[in-house]
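Tertiary structure, described
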Amino acid sequence: MESTSSAEVIHGSEIYEHYSVILVWVVKTGGLLSMIATTLTIRDILLRFLQGETIRLTSTLIFEWALACLGASFWSAFLSTWMVPEESGIFMASGNTATCTLQGFLDNFFYGTTVLTYTVLSFTYCFLVKFKRKDELLPTRSLVLVLGISPVSCFLLATSPLFDKAYNYSELHICSIAEYPIGCLSNMTSYDCERGGDARNMWISRFFIVCCANFLIIASVVVLVKATLTRENRINRHVGTATSLTDGTSRSRKVISQGIWYILAFEISWGGWYAWQFIRISAERNFNSHEIYSAHVSAILYFVAFTHPTQGVWISMVYFRPQYLKYRERDASDFRIASVLRALNLGVPRFLAIEWWESWRAHGSTKNSNKGKEHSMPNNNDVNVMCSVSDDT
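Residues numbered from 1 in each chain as written. Predicted model: local features only at pLDDT ≥ 70, side-chain atom pairs only at ≥ 80, totals over all residues. Heavy atoms only, no water.

Comments concerning the overall build of the protein chain
Quick reminder of the rule: Counting from the N terminus, the helices are the DSSP runs of H or I reaching at least four residues and the strands are the DSSP runs of E reaching at least two. In this scheme, a residue with accessible area under 20% of its type's maximum is buried, one over 50% is exposed, and one in between is partly exposed, where area comes from a 1.4 Å probe on protein chains only. In this description, contact between two residues means that some pair of their heavy atoms is separated by no more than 4.5 Å. Residue burial considers only the protein chains on display, and all accessible areas are found by Shrake-Rupley using a 1.4 Å probe.
Along its length, the protein chain carries 11 helices and 2 strands. What you see in the protein chain, going N to C, is helices and strands ordered as α-α-α-α-β-β-α-α-α-α-α-α-α. Relative to its 393 residues, the protein chain shows a buried fraction of 43%. Across the protein chain, contacts joining residues at least 24 apart in sequence account for 70% of those joining residues at least 6 apart. Total accessible area on the protein chain stands at roughly 22,000 Å², and carbon and sulfur atoms take up 65% of it.

Next up, the structure:
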C-alpha cells in the first residue's frame, strides 16, 4: 500500500510539473500578445491626435483602458512566475516576497482599472446615444473626474490587501490575493495562515465588484442598442423613403453589432475568470494542490490562462474592426492582410497591393509575348545565310 501511494504521489507530481510548464508559457505568450495589441491601440489614438484630429471622449477612455491593459499584461501575465518567490519551486520562479507583493498590487490595480474604465466607457456610449449628446471632450474638471474615478478607486481597493499581507503566490502562476501557506484556509488543513488570513473575504469582494461591473456593461449596451433602434425607427417613419430606411437600418446594424462585439470581447476575457473565482469561493476546501489538475478544473484553468491575459487582443480587435471594414469595403480586391495593416495604421508592402500584382502579371505577359516574337522571327545571321545561299543558286 505504501509503495502504491508513493507511486501515485510521484505520478501526481510529474503531472503537476507538466501542466505547470504549459500554463506558464500560455500565460506569458498571452501577455505578450496583449501588450502588442494594446500598444497598437495606443499608437493609433496618438497618431490621430498628432495628425490634428479631434480626440473624442470615448477615444480618451479607450486610451486610458489601453494603458491599464498594457500595464496588466506586462506586470501580471508576461512577468508572471518571474515575480514569484523562488522558494515556491514553480517553473521560472525567480523573485521574492517583495516582488510578489509588488506584482499582486499591480495586478489588482491594473486589471481593476481595465474593468472600471470599460464600465465607464460603456456607460458613456449609452449616455451619448440615449440623450443625443456629442462625443467631445468635457471641461477640464469633468474630464479629470471621469478619467480619474477608475484608477483612484482601484488604487484604494488594491491597497487594502497590503494590510493583511494578502498578496501571495496564487494558482494561476502569478502573485495575487491568496493565503500563505497555500491551502491554510481549507477546512481540511490544521495549520494557520502566516499571511493573507482574510484572503477569502477579499476574493468575494473582488468577485462581487467585477460582477457588478459586468452587469452595468451589459445593461449599458442593451440600452444603447434600444435607443439606436428607437431613433432610427422614428427617422424612418418621418422620412418614409426606401433610401432612408436602408441607411437607417445600416447605421443601426453597425451600432448594434459593434455593441455586441464589445460585450463578447469582455465576456471572453473575463468569463473563465468568473467561473474559476466561483469555484474558489464556493469550494469547501482550497484547490491549490496537485488535484487542481483534475479534468474539469484543469480545463477551466487552461481557458482562463489563455483568455484572461489576452484581454487586450480581443478588445483591440473590436476597436479596429470599423476601420478594417471601411478599408475592406473600399479595397475589396486587395488582400485581407492589406486591409488589416491599413486599419492598424501600418505601412502596406508593395507586394500586398493588387496594383503591384497586376503590373507584375502584365510585365510578365509582355515579356513572354516579346520572347515569342523573337523565336518566330529569324535573326540577322539567319537572313544573311539565306541570302548567300540564294546568290549561289
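The structure having been displayed, the exposition proceeds.
Structural notes on the nonpolar core
Test applied: In this text, buried Ala, Val, Leu, Ile, Met, Phe, Trp, Tyr and Cys residues form a nonpolar core when linked through side-chain atoms within 4.5 Å.
Among the nonpolar cores identified, the biggest contains 48 residues, and Tyr118, Ile177, Tyr262, Phe266, Trp270 and Tyr274 are the most heavily contacted of them. For this core, the secondary structure elements donating two or more residues are helix H1 (2-50), helix H2 (57-78), helix H3 (97-130), helix H4 (140-163), helix H5 (199-239), helix H6 (242-282) and helix H8 (311-330). Ignoring sequence-local partners within four residues, the contact set of Tyr262 consists of Ile62, Tyr118, Ile315, Val318 and Tyr319. Counting residues in hydrophobic clusters, the runner-up holds 6 residues, among them Ile90, Cys100, Tyr169 and Cys175.

Some remarks on the confidence of the model for the protein chain
Note the cut-off: For every residue, the predictor states its confidence as a pLDDT score lying anywhere from 0 to 100.
Counting all residues, the mean pLDDT for the protein chain is 78, and 74% of those residues have values of 70 or more. The secondary structure element of the protein chain with the lowest average pLDDT is helix H11 (residues 380-392), at 41, and the one with the highest is H2, at 93. Considering only residues more than four positions removed or in separate chains, one finds that residues 1-16, a stretch of pLDDT under 50, has 6 contacts. Scored below 50 in pLDDT, residues 373-393 shows 1 contact in the model against residues more than four places distant or in partner chains.

Quick look at the state of the cysteines
Here is the rule: Any two cysteine sulfur atoms lying within 2.5 Å of each other are counted as a disulfide.
All chains considered together, the criterion is met by 1 disulfide. The disulfide that involves Cys100 links it to Cys175, with 2.0 Å between the sulfurs. With the S-S bond torsion at -110 degrees, the cross-link from Cys100 to Cys175 turns out left-handed. Here the residue Cys100 occupies a position in helix H3, and Cys175 occupies one in strand E2 (residues 175-177), the gap between them amounting to 75 residues. Summarising the burial analysis for this pair, Cys100 and Cys175 share the class buried. In this structure Cys211 is a free cysteine whose sulfur lies 7.1 Å from that of Cys212, the closest cysteine sulfur available.

Side note on the pattern of salt bridges
Counted only if it meets this: Any carboxyl oxygen of Asp or Glu that lies within 4 Å of a side-chain nitrogen of Lys or Arg is treated as forming a salt bridge with it.
Counted by the stated rule, this structure contains 4 salt bridges. Ionic pairing is found between Glu53 and Arg48, a salt bridge with its closest N-O pair at 3.4 Å. Its relative accessible area of 24% is what places Arg48 among the partly exposed residues. Measuring nitrogen to oxygen at the nearest pair gives 3.4 Å for the salt bridge that ties Arg342 to Asp331. Here Asp331 lies in the loop between H8 and helix H9 (336-343) and Arg342 lies in helix H9, a separation of 11 residues in the sequence. Residue class for Arg342 comes out buried when judged on its relative accessible area of 18%. Taken together, the salt bridges that share partners define one network made up of Asp44, Arg48 and Glu53.

Notes on the environment of Arg48
Here Arg48 shows up in helix H1. In the structure, Arg48 is positioned 297 residues away from Asn345 in sequence and 9.8 Å away in space, judged by C-alpha atoms. With residues up to four places along the chain from it excluded, the contact list for Arg48 reads Glu53, Ile55, Tyr319 and Gln323.

Re the packing of aromatic side chains
For any two aromatic rings, the description comes down to two numbers: the centre-to-centre distance and the angle of the planes. The cut-off we apply is this: Here is the rule: rings of Phe, Tyr and Trp (six-membered ring for Trp) pair when centre to centre is within 6.5 Å. Planes less than 30 degrees apart are stacked, more than 60 are edge-to-face, and the remainder are tilted.
In this structure the tally under the stated criterion is 19 aromatic pairs. Relative to Tyr274, the ring of Phe207 has its centre 6.4 Å away and its plane inclined at 75 degrees; by these criteria the two rings are edge-to-face. With a gap of 67 residues between them, Phe207 in helix H5 and Tyr274 in helix H6 connect regions that are remote in the sequence. We note that Phe207, like Tyr274, is buried. For the pair Phe306 and Trp314, a centre-to-centre distance of 6.2 Å together with 75 degrees between the ring planes defines the contact as edge-to-face. Judged by relative accessible area, Trp314 falls into the partly exposed class, the value being 22%.

Looking at the packing of H2 against H8
The criterion, for reference: Lines are fitted to the C-alpha atoms to define the axes, a helix being fitted only along its stretch in contact, and any angle between axes, read from their N-to-C directions, falls within 0 to 180 degrees. Convention used here: angles under 35 degrees read as roughly parallel, angles over 145 as roughly antiparallel, angles from 65 to 115 as roughly perpendicular, and any remaining angle as oblique. Each crossing gets its hand from how the near helix is turned against the far one by less than a right angle, where anticlockwise is left-handed and clockwise is right-handed.
One way to put it is that H2 packs onto H8 with a least axis distance of 10 Å and a crossing angle of 155 degrees. For the element pair H2 / H8, the angle class is roughly antiparallel. Handedness of the H2/H8 crossing: left-handed. Packed against H2, whose contacting residues are Ile62, Trp65 and Cys69, the element H8 presents Gln311, Gly312, Ile315, Ser316 and Tyr319 at the interface.

A look at H2
To keep things clear, this is the line we draw: What a helix is expected to span follows from its residue count: subtract one and scale by 1.5 Å.
Under the 1.5 Å per step criterion, the end-to-end length of H2 is 30 Å for 22 residues, consistent within 8% with the ideal 32 Å. With 16 of its 22 residues buried, H2 lies for the most part within the structure. A positive phi of about 35 degrees marks Ser80, the residue just after H2.

Topic: H8
Our working definition: Bend, in this description, refers to the angle at a residue between axes fitted to the seven residues ending there and the seven starting there.
For H8, with 20 residues, the first-to-last C-alpha span of 29 Å sits near the 28 Å given by 1.5 Å per residue. The sharpest bend along H8 comes to roughly 40 degrees, located at Arg321, with the proline Pro322 sitting one to four residues further on. Restricting attention to buried positions, one finds in H8 the residues Gln311, Gly312, Val313, Ile315, Ser316, Val318, Tyr319, Phe320, Gln323, Tyr324, Tyr327 and Arg328.

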